[in-house]
Structures are given as C-alpha cells and as structure tokens.
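# Coordinate inspection notes
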There are 4 protein chains.
Amino acid sequence: MKCSVIRVAAGSPSDVSMLEKDIEEGKIRPREVIAVIGKTEGNGCVNDFTRGYAVQTLTGLFREYAGEEGEQIHYVMSGGTEGILSPHFTVVSKTAGTSGRSGSNEIKSLAIGVARTRNLLAEEIGRRTQIEEVAAAVGRAVRDAGIERHDDVHFVQIKCPLLTAERIRAARERGARVVTEETYKSMGYSRGASALGVALALGEVDRDTLAESDVCSDWSKYSSVASASAGVELLCCEIIVFGNALGADGPYYIDHAVMKDAIDGGALGKLLERRPTGAELVQVLAKAEADPTGFIRGSRHTMLNDSDINHTRQARAVVGGVLASVCGDPMIYVSGGGEHQGPAGGGPVAAIFRRRE
Amino acid sequence: MKCSVIRVAAGSPSDVSMLEKDIEEGKIRPREVIAVIGKTEGNGCVNDFTRGYAVQTLTGLFREYAGEEGEQIHYVMSGGTEGILSPHFTVVSKTAGTSGRSGSNEIKSLAIGVARTRNLLAEEIGRRTQIEEVAAAVGRAVRDAGIERHDDVHFVQIKCPLLTAERIRAARERGARVVTEETYKSMGYSRGASALGVALALGEVDRDTLAESDVCSDWSKYSSVASASAGVELLCCEIIVFGNALGADGPYYIDHAVMKDAIDGGALGKLLERRPTGAELVQVLAKAEADPTGFIRGSRHTMLNDSDINHTRQARAVVGGVLASVCGDPMIYVSGGGEHQGPAGGGPVAAIFRRRE
Amino acid sequence: MKCSVIRVAAGSPSDVSMLEKDIEEGKIRPREVIAVIGKTEGNGCVNDFTRGYAVQTLTGLFREYAGEEGEQIHYVMSGGTEGILSPHFTVVSKTAGTSGRSGSNEIKSLAIGVARTRNLLAEEIGRRTQIEEVAAAVGRAVRDAGIERHDDVHFVQIKCPLLTAERIRAARERGARVVTEETYKSMGYSRGASALGVALALGEVDRDTLAESDVCSDWSKYSSVASASAGVELLCCEIIVFGNALGADGPYYIDHAVMKDAIDGGALGKLLERRPTGAELVQVLAKAEADPTGFIRGSRHTMLNDSDINHTRQARAVVGGVLASVCGDPMIYVSGGGEHQGPAGGGPVAAIFRRRE
Amino acid sequence: MKCSVIRVAAGSPSDVSMLEKDIEEGKIRPREVIAVIGKTEGNGCVNDFTRGYAVQTLTGLFREYAGEEGEQIHYVMSGGTEGILSPHFTVVSKTAGTSGRSGSNEIKSLAIGVARTRNLLAEEIGRRTQIEEVAAAVGRAVRDAGIERHDDVHFVQIKCPLLTAERIRAARERGARVVTEETYKSMGYSRGASALGVALALGEVDRDTLAESDVCSDWSKYSSVASASAGVELLCCEIIVFGNALGADGPYYIDHAVMKDAIDGGALGKLLERRPTGAELVQVLAKAEADPTGFIRGSRHTMLNDSDINHTRQARAVVGGVLASVCGDPMIYVSGGGEHQGPAGGGPVAAIFRRRE
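Residues numbered from 1 in each chain as written. Chains lettered and ligands numbered in written order. Predicted model: local features only at pLDDT ≥ 70, side-chain atom pairs only at ≥ 80, totals over all residues. Heavy atoms only, no water.

Bringing the pairing of strand β5 (residues 109–116) of chain C into the picture now. Residue and element names in this part refer to chain C. Of all eight residues making up β5, six are buried, and the element is well covered by its neighbours. Relative to strand β8 (residues 238–245), β5 runs antiparallel, the two sharing eight bridges. Paired with glycine 113 across the strands is valine 241, a residue of β8. (Buried < 20%, exposed > 50% of the residue type's maximum accessible area, 1.4 Å probe, protein only. Helix = DSSP H or I, 4+ residues; strand = E, 2+ residues; numbered from the N terminus. Pairing = 2+ DSSP bridges.)

On to helix α2 (residues 50–66) of chain B, then. The end-to-end C-alpha distance of α2(B) is 23 Å, a good match for the 24 Å that 17 residues give at a rise of 1.5 Å each. When we look at burial in α2(B), the residues that qualify are Thr50(B), Arg51(B), Tyr53(B), Ala54(B), Thr57(B), Leu58(B), Leu61(B), Phe62(B) and Ala66(B). The buried residues of α2(B) occupy an angular sector of 160° when projected down its axis, which confines them to one face. The inward-facing, buried residues of α2(B) contact α1 (17–24), β2 (33–40), β3 (74–79) and β4 (88–95) of chain B together with α2 (50–66) of chain C. Looking one or two residues beyond α2(B), the residue adopting positive phi is Gly67(B), at roughly 60°. (Expected span 1.5 Å × (residues − 1). Arc of directions from axis to C-beta. Contact = heavy atoms within 4.5 Å.)

Here the focus is the interface of chain B and chain A. Taken together, the contact between chain B and chain A spans 35 residues of the former and 35 residues of the latter. Between chain B and chain A lies a buried interface of about 2,600 Å² when both sides are counted; carbon and sulfur atoms form 58% of it. Applying the counting criterion to the chain B and chain A interface returns four salt bridges. A salt bridge links Asp306(A) to Arg313(B), with the nearest nitrogen and oxygen atoms 3.9 Å apart. Put simply, chain B and chain A have twelve residue pairs in polar contact (both at pLDDT 80 or more) between them. Among the secondary structure elements, those contributing two or more residues to the side of chain B that touches chain A are β12 (299–300) and α7 (311–327) of chain B. At eight residues, the largest contribution of residues to the side of chain B that touches chain A is made by α7(B). A breakdown of the residues in the side of chain B that touches chain A according to their chemical character gives 15 nonpolar, twelve polar and eight charged. (Buried area = accessible area lost by both parts, 1.4 Å probe. Salt bridge = Lys/Arg side-chain N within 4 Å of Asp/Glu carboxyl O. Polar contact = N/O pair within 3.5 Å; in protein donor to acceptor, adjacent residues only side chain to side chain. Nonpolar A, V, L, I, M, F, W, Y, C, P; charged D, E, K, R; others polar.)

Here we take up the sheet that holds strand β4 (residues 88–95) of chain A. Residue and element names in this part refer to chain A. The four strands lie next to each other as β1-β4-β2-β3, forming an open sheet whose pairing is mixed. Where the open sheet ends on each side, the last strands, each with one partner, are β1 (2–9) and β3 (74–79). Taking the axes of each pair of neighbouring strands and ignoring which way they run, one obtains an average angle of 15° across the sheet. Taken together, the six bridges between strand β2 (residues 33–40) and β3 define a ladder with parallel strand orientation. Bridge pairing links lysine 39 to serine 78 in β3. (Axes fitted to C-alpha atoms, helices over the stretch in contact; angles between N-to-C directions.)

Spelled out as structure tokens, the structure:
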C-alpha cells in the first residue's frame, strides 16, 4: 500500500479548477482517490451550505473522471475559514502498488484506512450505541490501514450525523427519546460520542469506567487523535484513520501532538522539530475550541458569551492563526467543536510530512 | 519623571472592581494616572457602545478618587476582544518624583508624553491638515516625554475623530467637502492621516514626497510605531507617546518591532529574546489588520469578503492568538484597523518590560 | 391616582438629552417617575451592554434631579432595535393627586402598580418557586395599582434574573441543582416561569393543573398579558402592572390583544379600531418570537437554523415592522423571547391611548 | 402566448424535491420554463454561496428533464430569507399555444419577455454604458413580451454583474478606471445603473437630464418597476420583463404599486383591493432597503450603523414581515438593495394574480 496527500487551493466552495489541473497534469489520479477533506468558507454551523455545495461539485467532478469508482470517495467538508485560514481540499489517495523504496520497509510510512458504521437511529446518537459502533468501525479502519499498534494511529477523522427536527419527530412517534431536542446541540453530542468511540478503540479510555453519561460531561475522558465533524448529509459515521505502518510505502508519514489550549503553538513546534532532516510539511490537521471554563491561562475570554459570533468561529480563527504562525502556512485544516477531542479547551494537532527521497 | 504601567482585568465594560482594589491597596495612585488604555468586549466598529460605557464608568471612578485632576486623564478604549483576548485596562501613571535608581540614569527608562491637536473641522479629517496637526502634536508629546531621539519612540497611540452624518451635513452647509460620505470609511481615513502624521513627525516619511492623496492609498508610506483608533467621542486628536529617555527613571522600559503580516509572531519573539535578563513582560501593544490584497503568504484569505463578520474582528482574533501564543498571556492590547500603521497587512508590536531591580 | 406615559427618543444608549429637555420643560417631573422602560440598540442577548449603559446613565440623571427618590425608579431596558425599531425611553409617572376630570370617574383610567419578589436562589429560577413568588408579587402590584378585576390588567412587564456561571457554581457547592447549566437558556426559563406566574395570578392557568415541568415545555399554558425580560443586573423579579381602574384618573388608558403569530398585525389593528373617537396612540408594547415549530402559516422559516443572526433579533425586526406598519410609528416597544407570553409563535400586544380631553 | 407562474417551496438551496414532484405531476413542463426566480437562505451579500448552489442544482435538474433547452433558462437567485420569509422558487413558464380563453382577448394577461445585454467591461459597470445597454435590452424584452404600452410593464427583474478584485485588476492593467474599487459597493452601482436603464427605457427619467453621476447619488431619479440583483456569476445583464398584454392569454396577470417606505404595507393592500373578484394572489415581488437618511417616519433607525448585521438583511426582515402581514403568506419574493428602484427607503411591490376562470 502507498498513501499520499495533496493539498489543492479552492477559490470558492465550487471551485475545482486547481483540482482539475492537478488531475490533468497527472498529480492526482482520480481512481486512486479515497477521500477529500476540505475547508470551505461557510460558518461551520447549522446553516452552512458551503459543505454540501463543495460535495455536490466534487461528486460531479469525480463521477466524470472516475466513473462509479468515484462514488466511493469519502468527502469530509469542514466549514469555517475564519481569520487567515485558506479554503482548500486535501486529497487523499491510496494504491496497492509499491514504490522504489520498498526494500527499506523497516521505515513506517503513511497508512490510511476507512470504514463506516451502520446507519444510526436518532435515539442512538450521542449515546452508548454510537460510542460502540464507532469504536468497532475504528478497529476495522485501523486494520484496513494495516496499522499494527495503537501508538501508530495519529489522526482519526470522523464525519457523523446530527439530529434534525424531522428525525426527532420520527423518534418521538416510535416512542423513543433523543439525547437532546436542540439540533445545534446534537452536533456536539454526536461529535462527543464519536470521539469517545475512538478513545475506546485505541485504549485511551477504559470500557468499564466509561459511562454513557460521560458524553459532553466528563471532559477528563478524551481521545488525543480524534477529530469529529457533524453533518446533516449522512446517517452513519464515516471514519478515516491516519497512521504509519511498516506495510505502507512511500515518502509520506504522519505525527501528532496535543495542544493543551488554543494558544499552545508549541505542540506543532515540537512536531516540526522532531521531523527527519529535510522532511517537508505537507498538511496540518487540528481541532479548535473555546475553553469551556470561560478562562484561558487564567484570563477571562469572551467567546462563550458572544451572541454575535459563535464561539466555534472565533476558536478556529485563533487556532488557525497560532498554527499558521508556527508553520508559516495558512492553508491548513482547523476544524471547530472539540468535545472529547483532546483535553477541554485544547485539541489534537497532526502533521503529515513528506520525507526527502 | 517616573512612568509606570499596570494592567487590570475587567469583568465587563463597567467593571472597575479590580481597579478599585488596586487603588485601595495603593498600587495605583489616582492623582498620578495620566491615561487608561482599555480593551472592551464590543464589536470595535461603529455601534460599539462598550467604549463609551467604560469611559463613563472610569470617569466616575476617577472623579471620586482624584477630583478635578481625574478629569485630565486620557481614555483610549479599543473595542473588540475576539478569540482569546481578555478585556482589561492598562493604567499609565507618571510622577515628577525620582526613584532611588536616580544615580544610574545612563540607563533609559519608560517615558510617556501626551498632547492634543485643536479640534478638527469635518473637512480636515483624512486630509493634509490632520496629518500636519498630528505631526505637530506628536512633536509636543515627544518633548513632554523628554525623549531625545526619534529612535527612542516605540509606540504612539492616537485617539482621533470620525465623521458622523451630522458633521458631514454641517460641512456641506458651509460649502465644504469631506473626504468620504461614509461614516465607517471615515474611521479609516482618520486613522490613516493620523498615522502619517506620526510618520512625518518621526521622519519615517518625507514631507516633500508625502501627498494628501497618499492617505489610504499608498501603503508603502507608514509609521512603524503608530497605533490609531477612531471614536465618535472627540473632535481633536489625542496623542500618547511611549518611549525611553535618560531623563526618565524607574524599572519600566519599552521596545518595539514590526509584524510583517498577521501571523508574524516572530516579531514579538525577537523583543522577548533581546530583553535584559530577568526583565518581566508587563504589556504588549499591537495593531491587527486583514491583508488588503486578500492573500497572506500566498494563500487566499476570506476576511474581506465576509459579510457576516467584519474583517477587523477576525484580524484581532488572529493577531491576539498569535501574540498570546508567543508571550503566553491573553490579556494584551490588540487593536484593529491598521492603515499606514506598519506595512499593509502587518503592524507595529510594542512590549513594555519591567527590569529586575 | 393619576398615571401618565411619555415617550422620549434616545440618540444612543447614553443619550438622555431629550429626556432632560422634557424635564426642563416640565413635561416630566422626576419625583413622580416610577419606571422607565427602554429599547436600546444592542443585540438583546447575553453580551448586550447597552442595557446597563442606559441604566447607569438614567440613574445618574434621576439622582441629580430627584435625589434619593430617584433611586426607587424601576428600569426595564430591553435590547434590540433591529429593522425599523427606534431607540427610546418610555417614562411612566404616577401621582397621588387628581385631575380636573375627577368628577367623571365612572370612566376607568390607566393605573400602574409595582412590586418585587424576594431575591431568588439560583436553583429556584425556572422552577415552581419562581412561578409562585411572581404570582404573589403580581397580586401585590395589582392591588398597588388599585385594579379591581383581572380583566382590567392589560400588560405585566417583568424584569427577572438569569443564571450566571458564578451562580451555578455557588448552587452546586451547596448541593443544589439548577434548571439548566447554560446561561443563555436560563433566560428563557426565567422568562417562562415569570410569565406562568402572571398567568397564575390572573387566573389564566389553573394552579392544580400547572406543573413545574410545564415551564418551557407546555406552550398551551400562557398569559395573554405577560412580557418578561431577563437580565444579569438583579436577583429578584420586578413587576410593573399596567391596567385600567375606576380609582385612577387622567386621560390615559390601556387596551390589549393577542397576536396569534409574528405577522398578525390585525391584533393591533383591532385595538386602534375600538378606541374612543379622538383617542391618540401613545405607545405600543409587544413581544416577538420566532415560531418554535419552524413554520409560520404553513411555510418554513429559517430563523431557528440561522447561526449568524440570533432568532430573537430577527423576530423583533419582523414584529416591529408589522406593528409599525399598522400604527405608522416605529418608536414602539417590541421585546424578544416570548416563552408562555401569548401563544407559541405569537404574543401579547398592548396599546396605551390618551383620550381627547 | 401564455405565461404562468408557479411557486414551489425549497427545504434548502439544493432541495428541488417539490419542484420535481410538480414536474412529475405535470404541473410544470420543463421545456416551457423560461426563468426561475428564487429566494435562498444565505446572507444575500458577497459571500452568499446559496445562490450558486441553487443554480447548480437547478441546472442539473433541468438538463436532465429538458436537455439542451434547459440550458436557456434564466436563473435569478436572491439570497436572504431573514425573519419570516420562506425559501422557494418561482417558476416562470411561457408557451406559444393559446388557452380556451382566447376569444376574450380584450382582457390583458400576463406577458413575460427576456433579453440580455452584451458582456460589460469592468469599467462600464455603474456607468452610462450600463444604463444604455440595459435600456436597450429592456426595450427588446418588452417587445419579446408583446407588451404595447409602458404602463403595462409592472416588474422588471435584472440580474447584473459586479466587480471582483480580478476584474478591477484587469481593467487597471489596460489603463481603464472602474467606478469603485470596493467589490461590495460595486453591487450597488451595478444595481443602480441597471435600474436607471429601466427608468430610461420606460420613460420614467428623461435621457437629457440623466447624468452618469446620478448613479447612487440622485435618488429622485428612479424606476417604479425595476428590481435589480447583482451577482458574480455573469458578465452581462439579464432582463426579465413582467407585464400584461392583449396578445397574451391565460388567467394570470400582474399589477404593481410603490411602497413609499419599508413599512408601507398599504401599497400591497391597494393591489389586493383592486383585484377582480375571486382573483387569487399567486406571488408578491418586492424590493427592500434601509432608508438612507437614517430615519423612517421621522424616527431614527439603527440599521445603517449596525456593524453586526448588514442593513440589507434587516430591511428584508422588515419588508418581508410587513408584506406577509398584509397578504397572509410568507413565501414571497423580497430582495434587498434598492438603489433607484423606487423612491429612497421605499421600493416597488408587484403582485401576480390568477383570475377565476
């Protein structure tokens, strides 16, 4: 297996001209693409239609270039490029073939695996069932990637469903109770349960002590590598596992660290420092959130009381700026809403590098 | 002369409880206060009433503690604490007395001077007259501070007027033409002309080549130390000059650098590195703006096209996060709208330190 | 008793120049003022400081003009003048004296009464205790107004407390549980329980069938005359009852109707039609809310899914426009957040008239 | 010729399920559709991608159902459904065939005509050239509709281009000067010049006294039937003329009035009153704007100073509410930004009716 990651700028949610150029020039082979992870310039909240617009556009493009195979691609669009963040698509490809480096496979390379849960019922979202289903799917994705140790998993991207008024009503009619009647809040529950599913799969939390009531409540339980994003466009959870494996080949590899709060740029600094000489940074993936205590480094912040700008939008602007100032590049993936994804107020940050060949 | 700077947290625009505590404990002497520079939690734009609310509260407090002398205090409130920025007041004091360190005055210490222009007519705002009036007032403030060399000026804070519908109408009735009929835009012109006034006073631009039409047009002309803030509450320009002088005494001093863009955290890093051993950081003062080209480090940003969140708000969130990640402290002064205040897209950053005594 | 209502424009939250003019001209007598009900130009949500700014300014003004008596005035500021709503203060005065009309007291005139509950504990907010305390206080205010029949009560304005992070923490520490841990949501619970207290006091709901769990849940229970507004600045509930009484004197009287939804301008139209010939409209008081079903007259609205603009802001813009189009005047009182204040999606609308003398 | 108008609800910008249902049921015949005019739930400003998303979805649908003929359909999407406005598509169809009513053609029926200008250069936008090109195209569209008198034109919808950074740069490079360097402002200039083009074509302004400098300056010059909407997706102006003609057939007809300000619901009331007995209201089309004087009916409004919510968004919420309260239906077309489209602060309102057959 050989995995690669290419970043492509987007002039708007429907601008795939750069992507098309890379396809035409042979840099991206449509039939090898397994996922596109994007940052689109919407508000990243309930009424963000830039995600769907991008997916509709990408689906059309890959149907044209890759036919039915294109239908299998996983699309994870994260809305919100506040501050200096630059809209783009991260195109993830995977081939069965091996590179010339195949002799040196004592070195681990980037390995990516994907999996899906079954469709979840409305009343399962944010509950034990979602945690367990995600945990099982993460296990399958880890195996799909050929990753042998939990330590070699560095980023788990999950796209998970949310509750809509219709789904809540349908649940009520069959006598079931949902975890919350507020659609916006259900995004947090779905992200939180997904992240705890990752934590469970990777041994970061203990099955015996993990309770359903911990979701969006006990912030001491979290995954250091989970990144979840809720969307209205699916009913199952889609999982993309990024890690390193001996069975993988090629110049790409991934590393990660944990930001302890939104201004902990040192976490990314550490990843840059410990990379092999000459390795080039290809992409940064991180989560952002406003510290739920209302304080950061002992000082009051005003994000949670701001009724004009949603706190997730402000947190993305901050974390985007901090990480871009460390790596010098604003075209990075920073997504908001980090329930159980890293410690409260902080979050995971992963970096994909390309070794000098 | 001895100048000092103390930073006080504010729980809201009208919360002066911490300030009162510092007064009661003798840390702040109301009769020695010459200026209060604050960050309040409004939107920092036209309809931001948190600035006026804070000034009304502070005025009442200092009237109580310092009587008529309190009326002379300069208040500069900058709205907008997006992201991790923490609302606070920076209290600037000045005494004629000298400290025990007076023998060692080969060392320069923090020196602060203030001055005011005459009231400006509506048609003078954003024009040559404002540039020249500010330049002259900066000269007076530099002398008031006892600063001998332009190199020793590190930050010039200006509070300047803006155009309102009423002022525009009055100008029209007397046959005069204002620089713009849009009140929001007049804030930029007033800040820009003020900054060019600073640049002129400090020899950063040449009087002969500086044209009135350069205001908000020729971004190659700027001051590396100017920080201007427009407000509806005054008709003149108020100037506070921060620098170092041999004639000043005490442990405080100031240094500055120029951020080349919004993610240039290295500028502040340099100031921290070159401070004397043991010197403690007391406050950071900086300007933030969205790069007017629409690009940063070659990547497109979306701030200028965002009709939901004003770009000045996003720029403050970014620069606040970047600088706080460098100095580890979110209670810093970052103000938006940087026309001719540092290079386009970047801006000045100053740091006040307290030497170990 | 003689009650009067005068409306005064405000150029900003701190502009009391028109009010001062009315005082200087004798139209308003500061010692007779019992309440000021204002619309200020903030967002009407958590971080709206225009309410406090206006109260601070008004308090200073009335202290100057009325001394200690001025301290007794009830201030109810409602933030949010979206759309065509025009910021203003409604000054409510009351005298013991009688007018020349006193012979004709078979006619009921405007009668206003005030009362306060005791301070509420955090865990009492949104619960049965708040309902009962408000009900009792409404009873006292009705008696204070000398109103003899429930049918003669036409508008009950309540200012009620909300939960803050500090109050929630304190409750937790003494082992008590609050109704919600979200501060924004607590505003709705406090308004809802207050409105049900009014309904209970006026016989609009039955004590036996009213359950604590009905708060923010059973929308079929409501008061047709309650208008509640939550604020951080108080711990008790302040009640102002507006009605008509035989014992009251003077040309003012009040009437009310119920808007069945946000575009039911006909409700106000009915009040205008049935007024006595020549009676002049002095003020309109109404509540606005986005229909919680997400539909209005069978068509989907998008207010509840809008993560850029809070739905309370949009609802005020709509109801303000609708009522102003009916009465031809944009300087009216429209407040947001109508839990149990009129039917779901609708709300009470009251009109104060001045009869021709 | 026979023209018809059908209104279809949309659950999101990409929801064409209702439209598809109407096609499947034969209510809409894809090959007869000449235009779709929609309200989508974006912000209606620069970064509103819901318009493009809807067009992309509609284009795909009609390509499927109508093949190449579908490519000729005019799409006019107007963003912004603030307040009670309900997202929907208005589908406009036209056939050469005649109905059974053809004998009675002393009665005028709805007649629709379309036309396009040539592509405009960046420097022509907001200038005389745009005015003249639009005027000529309106003339062609009026003839296409078979409308014989200017009085029979009741609504002219124009989709016009705007300036982007790229177009401004290209103009500069060929030595041309654009009317404004601000992309947002260029929307107003393009709408304004388009509306004056309509006014010129219909004799509402005089060619001799109309100056280029009147655009966005002399508000006394306007069209009572123009409704312009700027978008990034085209370089020419697309014109759809709605009127009545003897040569047209079928039960539909159109009428219009002028709202003198945002709360002039009486304008629509008049149209409803003077309709023939039994005629059913099919759709309302109107423009909304915040009064540029900052006052409405003598009272100050705060829309123009609001830096949190764009005034076009607030104006739509108001006018939508006012018109829906008059006609009882929230699924109407209200578009923002009314430069030279009706009097300053007001705007045209048209109503399409279906006569009882």
